[in-house]
Amino acid sequence: MRRKIAAGNWKMNGLRADLAELENLSTDPGVDVLICLPATLIAAARDLPIAIGGQDCHDATNGAHTGDISAPMLVDAGASYVLTGHSERRSDHAETDADIAAKSRAAHDAGLTTIICIGETLAIRAAGTTLDIIDGQLAGSIPDCATADNTIIAYEPVWAIGTGKVPSTEQIAEVHAHIHARLKERFSDGADFGILYGGSVKASNAADIFAVPHVTGALVGGASLTAADFSPIITALAAS
Ligand code: 13P
């Protein structure tokens, strides 16, 4: 059975004092809780009773790449997960599907579980080509070494990130069923991959989103920054 995952993404937010929020999070034996932290906070968070992830990694193990962080460095600091291909990396740093596949491969080699992010822009949604774009991202961003054990997919419509706009449950259902079918076609254990939804998830909409078939959890930005906002989402996932 696929594990339920409540993943937070703090993005470029948080100083050491803010880690106190993570001490008060709700827990449930049926839910894996993890937070993808700025790299500066990973080592300081390593003893907390939740899993820690990075937000990006380089595809090389080490070398002349000023400012970058490798997958083995994330492991060394205390991470067990890493986001790859977040839409903010794709747009701010022009990351391509091939870059994301290479980073994901490096992460798997280092023993990290990847959360590979995909999703359409509003223009793509309006053009009616969402599933085509999803197909391209799935084919290009997921390396052949992916398994249900080392890879989770996060569907994050770009237009829903940080906007308060959430797709209808029918729209989420369509894309999640499509992703599930494509993974099943390509990977022998494709039916077992976790598939998270991300984009303006809040306590008020979490239960409806978690009731959608093939949604196995959430990737949460703004609402993961405080225990007061994130805990009800964890509780809703546990109850789903
Ligand atoms: P918000 O939950 O703030 O919309 O962010 C979603 C996201 O990008 C998580 O990776």
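In this convention, every chain numbers its residues from 1, walking through the sequence in written order. Under the rules for a predicted model, residues below a pLDDT of 70 receive no local features and side-chain atom pairs below 80 are neither given nor counted, while totals for whole chains, interfaces and linings still include all residues. Water and hydrogen atoms play no part in the side-chain values, which are based on all heavy atoms of the structure.

1. So, the sheet that holds strand β6 (residues 151–155)
Quick reminder of the rule: What makes two strands pair is DSSP finding at least two bridges between them. By the criteria applied, helices consist of DSSP H or I runs no shorter than four residues and strands consist of E runs no shorter than two, each listed in order from the N terminus. As a rule, the C-alpha atoms of each element are fitted with a line to give its axis, helices using only the stretch in contact, and angles between N-to-C directions run from 0 to 180 degrees. Only heavy atoms matter for contacts: two residues are in contact if any of them lie within 4.5 Å across the pair.
Pairing is parallel around the closed barrel formed by 8 strands, whose spatial order is β1-β2-β3-β4-β5-β6-β7-β8. Strand-to-strand, the axes of this sheet are offset by a mean angle of 25°, without reference to chain direction. Bridge analysis of strand β1 (residues 4–9) against strand β2 (residues 31–36) gives 6 bridges, and the strand direction is parallel. Note that in β2 the partner of Gly8 across the bridge is Ile35. Here helix α6 (residues 130–141) sits on the sheet and contacts β5 (113–118) and β6; the angle it forms with β5, its principal contact strand, is near 150°. Contacts from helix α7 (residues 169–186) reach β5, β6 and β7 (194–198) within the one sheet, and its direction differs from that of β7 by about 150°.

2. Some remarks on the packing of aromatic side chains
Operational definition: Working definition: rings of Phe, Tyr and Trp (its six-membered ring) pair if their centres are within 6.5 Å, and the pair is stacked with planes under 30 degrees apart, edge-to-face with planes over 60 apart, and tilted otherwise. Buried, partly exposed and exposed residues are distinguished by accessible area as a fraction of the type maximum, computed with a 1.4 Å probe on protein chains only: under 20%, between the cut-offs, and over 50%, respectively.
Going through the model one piece at a time under the given rule, you end up with 2 aromatic pairs. Aromatic side chains Tyr155 and Tyr197 sit 6.3 Å apart centroid to centroid with 65° between the ring planes, which places their arrangement in the edge-to-face category. You can see Tyr155 sitting in strand β6 and its partner Tyr197 sitting in strand β7, a full 42 residues away along the chain. You can call Tyr155 buried: its relative accessible area is 0%. Residue Tyr197 is classed as buried on the basis of its relative accessible area of 0%.

3. Observations concerning helix α9 (residues 227–239)
How we decide: By definition here, a helix of n residues has an expected span of 1.5 Å times n minus one.
In this model, α9 (13 residues) spans 18 Å end to end at C-alpha, consistent with the 18 Å of a helix rising 1.5 Å per residue. Here α9 has its buried residues at Ala227, Phe230, Ser231, Ile233, Ile234, Ala236 and Leu237. As for α9, its buried residues are in contact with β1, β2, α8 (203–210) and β8 (217–220).

4. Points about the pattern of salt bridges
Between side chains of opposite charge, a pair can form as their charged atoms come close. What counts, and what does not: Every case where a carboxyl oxygen of Asp or Glu lies within 4 Å of a side-chain nitrogen of Lys or Arg is listed as a salt bridge.
Inspection of the entire model under this criterion finds 11 salt bridges. For Arg90, the salt bridge is made with Asp97, and the minimal N-O distance between the two is 2.6 Å. Judged by relative accessible area, Asp97 falls into the partly exposed class, the value being 23%. For the salt bridge of Asp144 with Arg186, the shortest nitrogen-to-oxygen distance reads 2.8 Å. Of this pair, Asp144 sits in the loop between α6 and β6 while Arg186 sits in helix α7, and the two are 42 residues apart along the sequence. The exposure class assigned to Arg186 is partly exposed, which follows from its relative accessible area of 33%. Connected through salt bridges with shared partners, the residues Asp56, Arg89, Glu95 and Lys103 form a single ionic network.

5. So, the state of the cysteines
By definition, a disulfide links two cysteine residues through a covalent bond between their sulfur atoms. This is how it is decided: Working definition: a disulfide is two cysteine sulfur atoms within 2.5 Å of each other.
According to the stated counting rule, one finds 0 disulfides in the structure shown. Lacking any disulfide linkage, Cys57 is separated from the closest cysteine sulfur, that of Cys36, by 11 Å. Relative accessible area serves as the criterion here: at 0%, Cys57 is assigned to the buried category. Take Cys145: it sits in no disulfide, and the sulfur closest to it among the cysteines is that of Cys57, at 12 Å. Judged by relative accessible area, which is 32%, Cys145 ranks as partly exposed.

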